[in-house]
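# Fold and contact review
The residues making up each chain are set out below.
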Amino acid sequence: MAIANQHPFDSLTPGRIVDAIEGLGLWVSSEPFALNSYENRVFLLSDDDRQRWVAKFYRPERWSEAQLREEHDFLDELDAAGVAVAAPWRDDQGNSLHRTHGFYFALFPHVPGQAPELDNPGHLFAVGELIGRLHAVSSQHAFTTRPRMEPLSLAESSRERVLAGTWLTSRQRRAYARVSESLLQLLSQHLWPSQAAIRVHGDCHLGNILGRDDAFTLVDFDDCAMAPAVQDLWMMLTAQNDQEMRSQLSELLEGYEESMPFDRRQLEWIEPLRTLRLMRYSAWLVARWQDPAFPRAFPWVAGEEYWDQHIRTLEQQRMILDKPRWLA
């Protein structure tokens, strides 16, 4: 019975990780060190030339082989255009995607450095410039297999996932059902046209931007998708008041427009995108709870306080969506 209840990632032992890497012709000189990653399993290691690599073992059945290959091809396209990304290693036959014990996996060069400081104007300009270069390339073609970000359907599925579980008390269930229904109605009024979607990084938060000084590299394109350009920018706007946020936005867009223009009308989609991310995050935690890494990392999800706070946050978003914002 214990074996039947095992999660697939439980079979990914250090020995199997090393065997998989060395099966590609690289000699692993250090024990793989697990990095913070929950959707996939990601390890830092060194080869006999002291080069450091990041090995990513993809969550089974999340992406198809075609979707993973399209992600890798996108990274190669960006790398060839001079955009600072961590492109996958390819073997002598040109393969970037490999298999072992039921897992797809890939190797990426390790990117050293730290996340940008969003109160540093120079860092904001540099991040904007990097994302602008990314979009100047990504807007030239479209994905054929990667997902398209559809806010209403994603919010609906997130809502259904939470309500289908046993996480909420009767009181919380009524409150969540009410506020999430209101958010769906409001999101339906803030949909972007399909032609606004381009290829984007998709999860452009500080943990996926690394570097030193004003030189940064984008990593982890696991969520790349078709979405409006603002999806890769809005998470950089962290200020707590309008004046500081205007300042952040100014530096970010000044860097961005070194490479391509930005349609200011997309600023109207920031709060819908924030709402969608909030709803999807809690649904993601619920969906992944059978993975032992999740109860260990997010124990508070099982408590009433987390869901009370989540409902309060959604209520705040409902009020924000229901009134004009200065960004619009």
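A short tour of the structure in this document, coming up.

Parameters and conventions
- Residues numbered from 1 in each chain as written.
- Predicted model: local features only at pLDDT ≥ 70, side-chain atom pairs only at ≥ 80, totals over all residues.
- Heavy atoms only, no water.
- Pairing = 2+ DSSP bridges.
- Helix = DSSP H or I, 4+ residues; strand = E, 2+ residues; numbered from the N terminus.
- Expected span 1.5 Å × (residues − 1).
- Buried < 20%, exposed > 50% of the residue type's maximum accessible area, 1.4 Å probe, protein only.
- Core = buried A, V, L, I, M, F, W, Y, C linked by side-chain atoms within 4.5 Å.
- Contact = heavy atoms within 4.5 Å.

Taken together, the five strands give an open sheet; going across it, the order is β1-β2-β3-β5-β4, and neighbouring strands pair in antiparallel fashion. Only two strands of the sheet have a single partner each, and these edge strands are β1 (33-34) and β4 (98-100). As paired strands, β1 and strand β2 (residues 41-46) are joined by two bridges and run antiparallel to one another. Each residue of the ladder has a partner; that of F33, found in β2, is L44.

Spanning 18 residues, helix α7 (residues 270-287) covers 25 Å between terminal C-alpha atoms, matching the ideal 26 Å at 1.5 Å per step. What α7 keeps buried is the set I270, E271, P272, L273, T275, L276, M279, S282, A283, L285 and V286.

By size, the foremost hydrophobic cluster in this structure holds 83 residues, and its most contacted members are L78, Y176, L218, F221, F262, V301 and W307. Residues contacting W307, with those up to four places away along its chain left out, are V162, W167, L168, Q172, S282, V286 and V301. Within the second largest apolar cluster, 15 residues are counted, among which are F43, W53, A55 and F57.

A few words now on unusual backbone geometry. Its identity as a non-glycine residue notwithstanding, R50 has a phi of 65°, on the positive side. Relative to the helices and strands, R50 resides in the loop between β2 and β3 (52-57). Notably, D213 is not glycine yet its phi reads approximately 55°, a positive angle. Its location among the elements puts D213 in the loop between β7 (209-212) and β8 (215-218).

Moving on: the pairing of β3. With respect to burial, β3 is a largely interior element, five of its six residues being buried. Inspection of the sheet shows β2 paired to β3 by six bridges, in the antiparallel sense. Looking at β3, one finds that R41 is bridged to F57. Between the antiparallel neighbours β2 and β3 lie five residues, among them R50 with a positive phi of about 65°. Relative to strand β5 (residues 103-109), β3 is paired through five bridges, and the arrangement is antiparallel. Along β5, the bridge assignment pairs K56 with A106.

Interpretation note: all reported values are geometric properties and have no functional meaning in isolation.
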